[in-house]
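Structural characterization, general
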Amino acid sequence: MRILALITARGGSKRVPGKNIRSLAGRPLVAWSINVAKDIPEICDILVSTDDPQIAEVCTQHGALVPWLRPADLATDTATSVDVALHALDWYESERGVVDGLLLLQPTSPFRTKETVAKGVELFRANSL
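Residues numbered from 1 in each chain as written. Predicted model: local features only at pLDDT ≥ 70, side-chain atom pairs only at ≥ 80, totals over all residues. Heavy atoms only, no water.

A closer look at the pairing of strand β4 (residues 43-49)
Side-chain direction in a regular strand flips from residue to residue, so the side chains alternate between the two faces of the sheet. The buried fraction of β4 is high, at six of seven residues. Bridging between strand β1 (residues 3-8) and β4 involves six bridges; their strand directions are parallel. Residue T8 lies in a different strand from β4, and its bridge partner there is S49. (Buried < 20%, exposed > 50% of the residue type's maximum accessible area, 1.4 Å probe, protein only. Helix = DSSP H or I, 4+ residues; strand = E, 2+ residues; numbered from the N terminus. Pairing = 2+ DSSP bridges.)

Some details on the packing of aromatic side chains
Taken as a whole, this structure holds two aromatic pairs when the rule is applied. With a centroid separation of 6.0 Å and an interplanar angle of 80°, the aromatic rings of W68 and W91 are classed as edge-to-face. A residue pair is termed long-range when its members are at least 10 positions apart, and W68 in the loop between α2 (53-61) and α3 (81-96) and W91 in helix α3 qualify at 23 residues. The cationic tip of R27 hangs over the ring face of W32; the distance from NZ or CZ to the ring centre is 3.9 Å. (Phe/Tyr/Trp six-rings, centres within 6.5 Å; stacked < 30°, edge-to-face > 60°. Lys NZ or Arg CZ within 6 Å of the ring centre and 35° of its normal.)

Concerning helix α1 (residues 29-37)
By the criterion of burial, α1 is predominantly enclosed, with seven of the nine residues buried. Listed in full, the buried residues belonging to α1 are L29, V30, A31, S33, I34, V36 and A37. Immediately beyond the C-terminal end of α1, within one or two residues, lies D39, with a positive phi of roughly 65°.

Details of unusual backbone geometry
With phi around 55°, A25 is a residue other than glycine that occupies positive phi space. With respect to the helices, strands and loops of the structure, A25 is situated in the loop between β2 (23-24) and β3 (27-28). Residue A25 is classed as exposed on the basis of its relative accessible area of 70%. Positioned with a positive phi, D39 is a non-glycine residue whose angle comes to about 65°.

Concerning the nonpolar core
The biggest cluster of nonpolar side chains holds 21 residues, and the ones touching the most others in it are I7, I46, V48, C59 and L105. Among the elements of the structure, β1, α1, β4, α2 and α4 (114-127) are those that each provide at least two residues to this core. When sequence neighbours within four positions are dropped, the list of residues in contact with C59 reads V30, I34, V48, A64 and V66. If you look at the next biggest cluster of nonpolar residues, it comprises ten residues, including L4, L47, W68 and V99. (Core = buried A, V, L, I, M, F, W, Y, C linked by side-chain atoms within 4.5 Å. Contact = heavy atoms within 4.5 Å.)

Some thoughts on the pattern of salt bridges
Scanning all chains against the criterion turns up four salt bridges. A salt bridge links R10 to D77; the shortest N-O distance between them is 2.9 Å. On the criterion of sequence distance, the pair formed by R10 in the loop between β1 and β2 and D77 in the loop between α2 and α3 is long-range, its members being 67 residues apart. A salt bridge links E42 to R125, with the nearest nitrogen and oxygen atoms 2.6 Å apart. (Salt bridge = Lys/Arg side-chain N within 4 Å of Asp/Glu carboxyl O.)

With respect to the layout of surface pockets
Taken as a whole, the largest pocket encloses approximately 460 Å³ of empty space. Along the walls of the largest pocket sit 20 residues, with T8, R10, K19, N20 and R70 positioned nearest its centre. By residue class, the composition of the lining of the largest pocket is five nonpolar, nine polar and six charged. (1 Å grid on protein atoms, 1.4 Å probe; cavity = no way out; pocket = protein on both sides within 12 Å on 5 of 7 lines; lining within 4 Å. Points joined across faces, edges and corners; volume = space filled by probe spheres on them. Nonpolar A, V, L, I, M, F, W, Y, C, P; charged D, E, K, R; others polar.)

Interpretation in functional terms is not warranted from these geometric data alone.
Put into structure tokens, the structure is as follows:
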């Protein structure tokens with residue numbers, strides 16, 4: 001089974017500027033999502049979709065794949081997570097091969113555990129056709 005972990009980390013937060021790379025307990029907020037996806041065998045890659053070069057650099061340093069900056073039309077307040085995910089999935093499958101599932105990890109949910117993610121992957125596997 002191949003699952004792509006996708007982290008959506010836009011740079012233009014109005015309420016908390018720079019929130020995705022602000023430190024939380026000693027590491028950037030977005031790094032929590034990257035780290036939770038590591039070492040789960042079914043996850044083939046951890047892809048970050050961002051429009052911000054600083055976020056891209058931090059994510060790359062923490063081991064995520066950041067092959068491009070997100071197009072401006074997908075980095076607005078009104079852009080949907082679905083559109084961002086479809087953009088990332090289309091790119092990934094055309095460049096790296098088909099995946100069985102997409103796991104969306106939002107950087108603003110840093111307290112999820114590796115065990116919770118692994119259990120979700122197992123439930124997906126058990127219910128896949």
